[in-house]
Amino acid sequence: MSAQPFTLRWGVIATGWISQQFVKDALMDPATRDVHDVKHVVTAVGSRNVDSAKKFIETYAKGDSGIKAYGTYDEVYADANVDAVYIGTPHTFHYENARNALLHGKHVLCEKATTSNAAELRDLLKLAKEKNLFFMEALWTRFQPLVQEIKRIAEDGSLGLPVVLHADLSGDFDVENIPKTHRILDPKLGGGALLDLGPYPMVWAVMFLYEHPANKKARPTSITGSILKTPLTGVDSSTSFTLTFSETLQAQAVLSCSITLPSPDPAVTIRYRGGNILVHPPIYKPPSFTVQYFDKPGSGNVVREETRKGTIPGGGWHYQTDEVARCIRDGKIESEVWSHDKSLLLMDVFDAVRKQGGYELPEGVEKLR
Ligand SMILES: NC(=O)c1ccc[n+]([C@@H]2O[C@H](COP(=O)([O-])OP(=O)(O)OC[C@H]3O[C@@H](n4cnc5c(N)ncnc54)[C@H](OP(=O)(O)O)[C@@H]3O)[C@@H](O)[C@H]2O)c1
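Rules and cut-offs
Here the residue numbering is sequential within each chain, running from 1 through the sequence in written order. Since the coordinates come from a predicted model, pLDDT governs what is reported: local features require at least 70, and pairs of side-chain atoms require 80 or more to be given and counted, while whole-chain, interface and lining totals use all residues. UniProt positions are given in the numbering used here, feature names are shortened, and annotations may be inferred rather than shown by experiment. Going along the chain from the N terminus, every DSSP run of H or I of four or more residues is numbered as a helix, and every run of E of two or more is numbered as a strand. Any residue with 12 or fewer other C-beta atoms within 10 Å of its own C-beta is exposed, any with 20 or more is buried, and the rest are partly exposed; the C-beta atoms used are placed from the backbone. Placing C-beta atoms from the backbone, we regard two residues as in contact once those atoms come within 7 Å. Any residue qualifies as near a molecule or strand once its backbone-derived C-beta atom lies within 6 Å of it. The split into domains, and so the bounds of each, comes from an automatic or database assignment of domains. Two strands qualify as a pair provided DSSP detects at least 2 bridges between them. Between N-to-C directions, angles span 0 to 180 degrees; the directions come from axes that are lines fitted to C-alpha atoms, helices contributing only their stretch in contact. Helix span, expected: 1.5 Å multiplied by one less than the number of residues in the helix. In this description, one arc is meant: the one made by directions from the helix axis to the C-beta atoms. We define a nonpolar core as a collection of buried residues of the types Ala, Val, Leu, Ile, Met, Phe, Trp, Tyr and Cys that are connected via C-beta atoms lying within 7 Å of each other. In this scheme, roughly parallel covers angles under 35 degrees and roughly antiparallel covers those over 145, while 65 to 115 is roughly perpendicular and the rest are oblique. Each helix crossing is assigned a hand: it is left-handed if the near helix lies turned anticlockwise from the far helix by less than a right angle, otherwise right-handed if that turn is clockwise. The residue classification treats Ala, Val, Leu, Ile, Met, Phe, Trp, Tyr, Cys and Pro as nonpolar and Asp, Glu, Lys and Arg as charged. All others, Gly included, are polar.

Looking up the chain in an unreviewed UniProt entry gives the name D-xylose 1-dehydrogenase (NADP(+), D-xylono-1,5-lactone-forming), with the organism given as Phanerochaete sordida. In UniProt, the chain has this text filed under Sequence similarities (unreviewed entry): "Belongs to the Gfo/Idh/MocA family." On record in UniProt, under Catalytic activity (unreviewed entry), the comment for the chain is "D-xylose + NADP(+) = D-xylono-1,5-lactone + NADPH + H(+)".

K.L.:
Any chance you could explain the environment of Phe134 here in plain terms?
P.N.:
Secondary-structure assignment places Phe134 in the loop between α5 (118-130) and β6 (135-137). The exposure class of Phe134 is buried, given the 23 C-beta atoms found within 10 Å. C-alpha separation for the pair Phe134 and Cys327, spaced 193 residues apart in sequence, amounts to 7.7 Å. Setting aside residues no more than four positions away along its own chain, Phe134 makes contact with His107, Val324, Cys327, Ile328, Lys332 and Ile333.

K.L.:
I tried to follow the site of the ligand on my own but got confused; where do I start?
P.N.:
Around the ligand sit 22 residues, and of these Ala14, Thr15, Gly16, Ile18 and Ser47 come closest. Put simply, the parts of the chain that give the shell around the ligand at least two residues each are α1 (17-26) and α4 (91-103). Summarising the domain contributions, the shell around the ligand has at least three residues from each of domain 1 (6-141 + 317-337) and domain 2 (145-311 + 346-357).

K.L.:
Can you help me understand the sheet that holds strand β11 (residues 268-272) in this one?
P.N.:
Whenever strands of a sheet pair, they do so through backbone hydrogen bonds, lying parallel or antiparallel. Read from one edge of the open sheet, 8 strands run β8-β9-β10-β7-β11-β12-β13-β14, paired in mixed fashion. If you trace the sheet from one side to the other, it starts and ends with β8 (222-229) and β14 (302-309), each paired once. With strand direction ignored, the average angle separating the axes of adjacent strands in the sheet is 10°. Bridge count for strand β12 (residues 275-279) against strand β13 (residues 288-294) is 5 bridges, and the pairing is antiparallel. The partner of Val279 across the bridge, within β13, is Phe289.

K.L.:
Just checking my understanding: could you explain α5 for this structure?
P.N.:
Each turn of an α-helix holds 3.6 residues, which means side chains three or four residues apart point in the same direction. An ideal rise of 1.5 Å per residue puts 18 Å on 13 residues; α5 measures up with 18 Å between its terminal C-alpha atoms. Turning to α5, its buried residues are Ala118, Glu120, Leu121, Leu124, Leu125 and Ala128. Along the long axis of α5, the arc covered by the buried residues comes to 155°, so they all point the same way. Residues of α5 that are exposed and angled more than 90 degrees away from the buried face: Lys126 and Glu130.

K.L.:
Help me understand the UniProt feature "domain: Gfo/Idh/MocA-like oxidoreductase N-terminal" (unreviewed entry) in the chain, please; the structure alone is not making it clear to me.
P.N.:
In the numbering adopted here, UniProt assigns the feature "domain: Gfo/Idh/MocA-like oxidoreductase N-terminal" (unreviewed entry) to residues 8-136. When the span residues 8-136 is considered, its composition is 40% helix and 22% strand, and the gap between its end C-alpha atoms is 15 Å.

K.L.:
Help me understand helix α6 (residues 145-155) in this model?
P.N.:
Three or more residues of α6 are buried, namely Leu146, Val147, Ile150 and Ala154. One face of α6 carries all of its buried residues, which in axial projection span an arc of 100°. For α6, the elements touching its buried residues are α8 (199-210), β11, β12 and β13. Phi turns positive one or two residues past the end of α6, at Gly157, with a value near 90°.

K.L.:
Which parts of the structure should I look at to understand the sheet that holds β6?
P.N.:
The 6 strands lie next to each other as β3-β2-β1-β4-β5-β6, forming an open sheet whose pairing is parallel. Only two strands of the sheet have a single partner each, and these edge strands are β3 (68-70) and β6. Shown here is a sheet whose adjacent strand axes are inclined to one another by a mean of 25°, direction ignored. Here 3 bridges tie strand β2 (residues 38-46) to β3, and the two strands are oriented parallel to one another. Bridge assignment links Ala44 to a residue of β3, and that residue is Lys68. Against the sheet, α4 touches β1 (6-13), β4 (84-87) and β5 (107-110), its axis set at about 160° to β5.

K.L.:
It is not clear to me how the nonpolar core should be interpreted in this structure. Could you clarify?
P.N.:
The tendency in soluble globular proteins is for nonpolar side chains to be buried as a group. Counting residues in each nonpolar core, the largest one holds 105 residues, and the members touching the most others are Val45, Val85, Val108 and Ala205. The greatest single-element share of this core, amounting to 10 residues, is contributed by α8. Viewed by domain, this core spans two of them, domain 1 (6-141 + 317-337) and domain 2 (145-311 + 346-357), each represented by three or more residues. Excluding residues within four positions of it along the chain, Val85 makes contact with Gly11, Ile13, Val76, Tyr77, Ala101, Lys106 and Val108.

K.L.:
What's the story with the packing of α8 against helix α10 (residues 340-357) in this structure? I'm lost.
P.N.:
Each pair of packed helices can be described by the angle between their axes along with the distance between the axes. Contact geometry for α8 and α10: axes closest at 11 Å, N-to-C directions at 125°. The angle between α8 and α10 places the two elements in the oblique class. Read as a crossing pair, α8 and α10 show a hand that is right-handed. Note on element contacts: α10 touches α8 through Lys342, Leu345, Leu346 and Val349, opposite Pro199, Met202, Val206 and Tyr210. Split into classes, the residues belonging to the contact of α8 with α10 amount to 7 nonpolar, no polar and 1 charged.

And the structure:
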């Protein structure tokens, strides 16, 4: 007889778009993705409005009467039937929400961008360690099967070492026609391209440069950034940034994001002397990728090209959710796959780019500096 799966009991903070996707995926039968060792239940949903929490449970959890609907987030943190809290509020609330969850003894899965700045994240990680609680940024792309396949090819040596990685995530948010209070435009909510879309070009730089075994976990030796602000509210409408890895690798990442136009195709290109890896958009959940092999290093003469496609049951957020359950089951406070150092690298890069681009969040938004 096989062992019973480990069941993780989730409390959900906020009832917006991403919380809906998170819950739909978490409640799917794990067998549909061939997972049999862990499963998820939702035991509490917190919203600023209890009716919104009730409607959320009706719509996304089949009205399950076993799930508590709360009109405050605090009641979720205090609920003894919650093991782990999922945080789906706008970025600028993540620090306060995650801190409160940890102070109540709950493990945390926190949406990207993890916090408003690196100082807030360092404080959260310190608290999680002191309390021996699990904390992870919800960088779901890192856990998708097709992405693991690309990593295997990138690290098998057939292309050589990475030299230049280009990655872009853009989306047309119709900024002229949405309210200025929308979280993508409102500086009080950390609006703009960098904090919302920037984590995705960054995850590709982390996966293919920072995580490359030859990099030996060296951080970039230089970070440069340039910001184009929208006159609408002063948040960044397009941001370009580069990371140079010169300590161990000899490689650069050229990254960009924008809230006013669609992504290019390919949206990630990883260039090696032996060939290229081209990843098709959207880069948060790529549907396919192409590997081009050159006849000899540096020639640019493509002699073989292979394209692979992937399909994912549901939305694809559940792979990260399974990782959280396994880590908590095994008594870990950090995922080895999307570890704390990577989330910190993202926030340090965003801080540096915002500083160079002159994008300051309004007074009082950053709780620590
Ligand atoms: N991983 C991904 O694929 C992905 C995709 C999209 C977004 N995200 C991240 O998820 C977070 C939320 O994004 P979203 O698209 O879900 O946003 P959203 O639809 O606007 O939902 C945000 C929710 O946060 C709560 N909230 C608390 N204080 C708020 C305030 N002052 N203003 C607005 N909402 C407030 C609200 O829930 P209640 O009313 O119930 O309290 C609201 O519904 C962001 O950090 C974003 O970067 C991740």
